[in-house]
Amino acid sequence: MSSTPVKKVHSNPSGLSRRKFRFNRNDWMGYLFSAPLIIGVLAFAIYPMFAALFMSFHQTSGLSLNGKWVGLNNYSYALQDSIFWQALSNTFVMGIWSVLLGIALSFILASMINNLKWHLGRNFFKAVYFLPNVVSGVATSLLFSFLFFPSKEGLINFIINLIGLNPVGWFTNPDVSQYSIVLMSLWGALGYNTIIFLAGLQSVPRDLYEAAEVDGAGTYRKWLYITIPYLRPIFVFMLIMGTIGGMKRFTDVWLIGGTAGNPGGSLMTVVLYIYRNAFLASQMGLATAVSYLLFLMILMLTVFLMLLNRRKDSLD
């Protein structure tokens, strides 16, 4: 009998085959096509972030990184500046009102549209409410500057005058100007939030509503105990994105109140404060320091909201 040689099989305890990482032609072609995007991100996102951080520790009047080293003096000056705290207060006031009213009104509108039995009516109202979202911030500011004109020539004041009330200085009265900005921002952002909520409402399982109806729950109870808890992730998303957008408010207040945040500094926001110091006062070091202070505040608010939502999930 002839014996056949038996090959030795080397066992691999890990069960994984070793693979040599080598770049072939397809890999190089992929990196070649990705190079413009990678270079753009490095040049216009990563490098400016580190350059701004480096600049925040210097006193410089331009974009040069060769300024005088001042350490934390720029941060200290900003935290002791009353204008900065006024700007921060204005930012929080307008941001809180914009976020709370925006989420509440858009959710109510989305619920009303979702309950329409007429399919074409849904599409009509979705288009109507989303239309302001495609209008630029500049056009919106110009439109509301005519609507909220402080004298009787303004459309809103003309209507108010018809019922016997005095004209309101919407953008000229410091006590009213911030809320006028909030109303203007609501008009522009309400449609986007409504569409997001409407998509979430249409994803709620009908079985939950049917089970609630069997138990005798009415429309209000189904809305309160089924719809709102089911859409909590969307509420959290809207809250986080609204907070970030509110803390970065600049275009509307700059177009309405100018670089001084008129009237009386009531429209001065943190980003407008950064703009003034960077491009009007040529204090780039101070401007970048405030930029990183704003970044830290947005980061802390975002983390707090996410942890609050996670804690709610654990309790559930």
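Our subject is the structure listed above.
Residues numbered from 1 in each chain as written. Predicted model: local features only at pLDDT ≥ 70, side-chain atom pairs only at ≥ 80, totals over all residues. Heavy atoms only, no water.

Participant: Please clarify how the overall build of the chain should be interpreted in this entry.
Facilitator: Each helix and strand counted, the chain has 13 helices and 2 strands in total. The C-alpha atoms of the chain give a radius of gyration of 28 Å, which is well past the 20 Å a tight globule of 316 residues would have. Summarising its shape, the C-alpha atoms of the chain cover approximately 120 × 75 × 40 Å along the three principal directions. When each of the 316 residues of the chain is scored for burial, the buried share is 34%. Restricting the contact set of the chain to residue pairs at least 6 apart, pairs at least 24 apart contribute 61%. By element, 68% of the accessible surface of the chain is carried by carbon and sulfur atoms, the whole surface being about 20,700 Å². Distance between charge centres in the chain, computed from 22 positive and 11 negative side chains, equals 16 Å. (Helix = DSSP H or I, 4+ residues; strand = E, 2+ residues; numbered from the N terminus. Rg over C-alpha atoms; globule rule 2.2 N^0.38 Å. Buried < 20%, exposed > 50% of the residue type's maximum accessible area, 1.4 Å probe, protein only. Contact = heavy atoms within 4.5 Å. Areas by Shrake-Rupley, 256 points an atom, 1.4 Å probe, with all protein chains shown as cover. Lys, Arg positive; Asp, Glu negative; His and termini not counted. Charge placed at Lys NZ, Arg CZ, Asp CG, Glu CD.)

Participant: Whenever I open this one, the pattern of salt bridges confuses me. Can you help?
Facilitator: Proximity of charged atoms lets side chains of opposite charge pair with each other. All told, the structure shown has 2 salt bridges when counted by the stated rule. A salt bridge links Lys 222 to Glu 213; the nearest nitrogen and oxygen atoms lie 2.8 Å apart. Judged by relative accessible area, which is 13%, Lys 222 ranks as buried. Residue Asp 252 is joined to Arg 249 by a salt bridge in which the shortest nitrogen-to-oxygen separation is 2.8 Å. Both residues of the pair, Asp 252 and Arg 249, belong to the buried class. (Salt bridge = Lys/Arg side-chain N within 4 Å of Asp/Glu carboxyl O.)

Participant: How do you make sense of the packing of helix α8 (residues 206-214) against helix α9 (residues 219-230) when you look at a structure like this?
Facilitator: What describes two packed helices is the angle between their axes and the distance between those same axes. For the pair α8 and α9, interaxial distance at closest approach is 11 Å and the crossing angle is 160 degrees. By the angle between their directions, the pair α8 and α9 is classed as roughly antiparallel. You can see that α8 and α9 cross each other, and the crossing is right-handed. Seen from α8, the contacting residues are Leu 208, Tyr 209, Ala 212 and Glu 213; seen from α9, they are Lys 222, Ile 226, Thr 227 and Tyr 230. In terms of residue class, the contact of α8 with α9 is made up of 5 nonpolar, 1 polar and 2 charged. (Axes fitted to C-alpha atoms, helices over the stretch in contact; angles between N-to-C directions. Parallel < 35°, antiparallel > 145°, perpendicular 65-115°, else oblique. Left-handed = near helix turned anticlockwise from the far one by under 90°. Nonpolar A, V, L, I, M, F, W, Y, C, P; charged D, E, K, R; others polar.)

Participant: How should I be thinking about the nonpolar core in this particular structure?
Facilitator: Generally speaking, nonpolar side chains in soluble globular proteins are found buried as a group. In this structure, Phe 84, Val 270, Tyr 273, Val 290 and Leu 294 are the most contacted members of the largest nonpolar core, which totals 27 residues. Listing elements by their share of this core, those giving two or more residues are α1 (25-55), α2 (73-80), α3 (82-114), α12 (270-280) and α13 (284-315). At 10 residues, α13 tops the list of elements feeding residues into this core. Residue contacts for Val 290: discarding those within four places in its chain leaves Ala 78, Phe 84, Val 270, Tyr 273 and Ile 274. Ile 103, Phe 197, Val 204 and Met 238 belong to the second-largest nonpolar core, a separate cluster that totals 16 residues. (Core = buried A, V, L, I, M, F, W, Y, C linked by side-chain atoms within 4.5 Å.)

Participant: Any chance you could explain the environment of Ser 203 here in plain terms?
Facilitator: Positionally, Ser 203 belongs in the loop between α7 (177-201) and α8. In the structure, Ser 203 is positioned 28 residues away from Leu 231 in sequence and 9.3 Å away in space, judged by C-alpha atoms.

Participant: What am I meant to see in the packing of α3 against helix α10 (residues 232-247) here?
Facilitator: One can describe the packing of α3 onto α10 by two numbers: an axis separation of 9 Å at closest approach and a directional angle of 150 degrees. Along this stretch, α3 crosses α10, giving a crossing that reads as right-handed. Residues Leu 88, Thr 91, Phe 92, Gly 95, Val 99, Ile 103 and Phe 107 of α3 form the contact with α10, whose own contacting residues are Phe 235, Met 238, Leu 239, Gly 242, Thr 243, Gly 246 and Met 247. Partitioning the contact of α3 with α10 into residue classes produces 9 nonpolar, 5 polar and no charged.

Participant: For this particular structure, what's the right way to read a nonpolar patch on the surface?
Facilitator: Together, Trp 28, Tyr 31, Leu 37, Ile 38, Val 41, Leu 42, Ile 46, Met 49 and Phe 50 line one region of the surface with nonpolar side chains, adding up to about 960 Å² of accessible area. Tracing the backbone shows Phe 50 in helix α1. Looking at Phe 50, the relative accessible area reads 58%, which means it is exposed. (Patch = residues over 30% accessible without salt bridge, like charges linked within 9 Å, V, L, I, M, F, W, Y side chains within 5 Å.)

Participant: Sorry, what's going on with the side chain of Thr 269 here?
Facilitator: For Thr 269, the position within the fold is in the loop between α11 (251-257) and α12. In this structure the side chain of Thr 269 is engaged in a polar contact, spanning 2.9 Å, whose partner is the backbone oxygen of Arg 249. Contact partners of Thr 269, with chain neighbours within four places excluded, come to Ala 87, Thr 91, Met 94, Arg 249 and Val 253. (Polar contact = N/O pair within 3.5 Å; in protein donor to acceptor, adjacent residues only side chain to side chain.)

Participant: What is the right way to look at the environment of Thr 243 in this model?
Facilitator: By secondary structure assignment, the location of Thr 243 is in helix α10. The contact partners of Thr 243, leaving out residues within four places of it in the chain, are Val 99, Leu 301 and Leu 305.

Participant: Just to check I follow, could you spell out unusual backbone geometry for this structure?
Facilitator: The general pattern is negative phi for most residues beyond glycine and trans for most peptide bonds. Each neighbour pair has its own omega, and for Asn 262 with Pro 263 the value is 5 degrees, a cis peptide bond. Here Pro 263 lies in the loop between α11 and α12. Of note, Ser 282 is a non-glycine position whose phi angle comes to about 55 degrees, a positive value. Within the secondary structure layout, Ser 282 lies in the loop between α12 and α13. A relative accessible area of 30% places Ser 282 in the partly exposed class.

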